[in-house]
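Remarks on the overall topology
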Amino acid sequence: NAGVTQTPKFQVLKTGQSMTLQCAQDMNHNSMYWYRQDPGMGLRLIYYSASEGTTDKGEVPNGYNVSRLNKREFSLRLESAAPSQTSVYFCASSERQLAGYTFGSGTRLTVV
Amino acid sequence: LAKTTQPISMDSYEGQEVNITCSHNNIATNDYITWYQQFPSQGPRFIIQGYKTKVTNEVASLFIPADRKSSTLSLPRVSLSDTAVYYCLVGESNTGGFKTIFGAGTRLFVKA
């Protein structure tokens, strides 16, 4: 099925642990994004990649790093997880910046 | 950055037309307006995007007045399955980078 695939769907980390959230899209989209959503709140942009080979910070980049591995894949890394990073993380892609996004189903991350 | 304001919640009945308004007083020349729908435990789904005047697709219409300081998403004849959270997104892309602002969302509850 065409779309955006995120792995894992659920993860529990201890404070200080590291992990990488994976995202892949098969729609040949140029732009990819990582958002976080906290309870009762809208989505906040963490990082984005306008095109293969470029990445830029969004609204809330502190504590995160990203890699645009190729046109299909865009990963998000937490080097030293903190309880404040407990959230639902969504990856999205679009044909170009500002075109409608296609979102993945999310990764629910809990840091204890 | 243009901040968006939406009603927190709205109630409607099946078969009615629902209009959800988003205020974005500081919208910039380069900003587009996009609306998304989100069901629990799912990523947001693109509904419609516009820059000015009126845009219509198979599921919704988007009305944007001349001053562009607000926009209204119109859902014709809603059904129970339209119960969801609706987000207004104002985004710009310029030489300073790509920024998006999601509103807090409007929780629409459709009753039988």
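Residues numbered from 1 in each chain as written. Chains lettered and ligands numbered in written order. Predicted model: local features only at pLDDT ≥ 70, side-chain atom pairs only at ≥ 80, totals over all residues. Heavy atoms only, no water.

What follows covers the nonpolar core. Residues and elements named next belong to chain B. Counting 20 residues, the largest nonpolar core has Ile33, Trp35, Ile47, Leu73, Leu75 and Tyr86 as its most contacted members. Among the secondary structure elements, those contributing two or more residues to this core are strand E2 (18-23), strand E3 (32-38), strand E4 (45-50), strand E6 (61-64), strand E7 (70-75), strand E8 (84-94) and strand E10 (106-111). Looking at this core element by element, the count peaks at 4 residues for E8. With residues near it in sequence (within four places) discarded, Ile47 still touches Trp35, Tyr36, Gln37, Asn57, Val59, Ala60, Leu73 and Tyr86. (Core = buried A, V, L, I, M, F, W, Y, C linked by side-chain atoms within 4.5 Å. Buried < 20%, exposed > 50% of the residue type's maximum accessible area, 1.4 Å probe, protein only. Helix = DSSP H or I, 4+ residues; strand = E, 2+ residues; numbered from the N terminus. Contact = heavy atoms within 4.5 Å.)

On to the state of the cysteines, then. On inspection of all chains with the given rule, the structure shows 2 disulfides over all chains. Here Cys23 of chain A connects covalently by a disulfide to Cys91 of chain A, the sulfurs 1.9 Å from one another. Because the sign of the S-S torsion sets the handedness, a value of about -75 degrees for the bond joining Cys23 of chain A and Cys91 of chain A places this disulfide among the left-handed ones. Placement of Cys23 of chain A in strand E3 (residues 19-25) and of Cys91 of chain A in strand E9 (residues 87-94) is noted, with a sequence separation of 68 residues between them. Judged by relative accessible area, which is 0%, Cys91 of chain A ranks as buried. Each disulfide pairs two cysteine sulfurs, and for Cys22 of chain B the partner residue is Cys88 of chain B, the sulfurs being separated by 2.2 Å. Linking Cys22 of chain B and Cys88 of chain B, the disulfide has an S-S dihedral of approximately -80 degrees and is accordingly described as left-handed. Pair noted here: Cys22 of chain B is in strand E2 and Cys88 of chain B is in strand E8, with a separation of 66 residues, a long-range link. Each member of the pair, Cys22 of chain B as well as Cys88 of chain B, carries the same accessibility label: buried. (Disulfide = S-S within 2.5 Å.)

Cis peptide bonds are those with omega within 30 degrees of zero, and the linkage from Thr7 of chain A to Pro8 of chain A qualifies with -5 degrees. Its place among the elements puts Pro8 of chain A in the loop between strand E1 (4-7) and strand E2 (10-13). You will see that Ser41 of chain B, though not glycine, has its phi angle at about 65 degrees, which is positive. Along the chain, Ser41 of chain B turns up in the loop between E3 and E4.

Treat this as a map of the structure, not an account of what it does.
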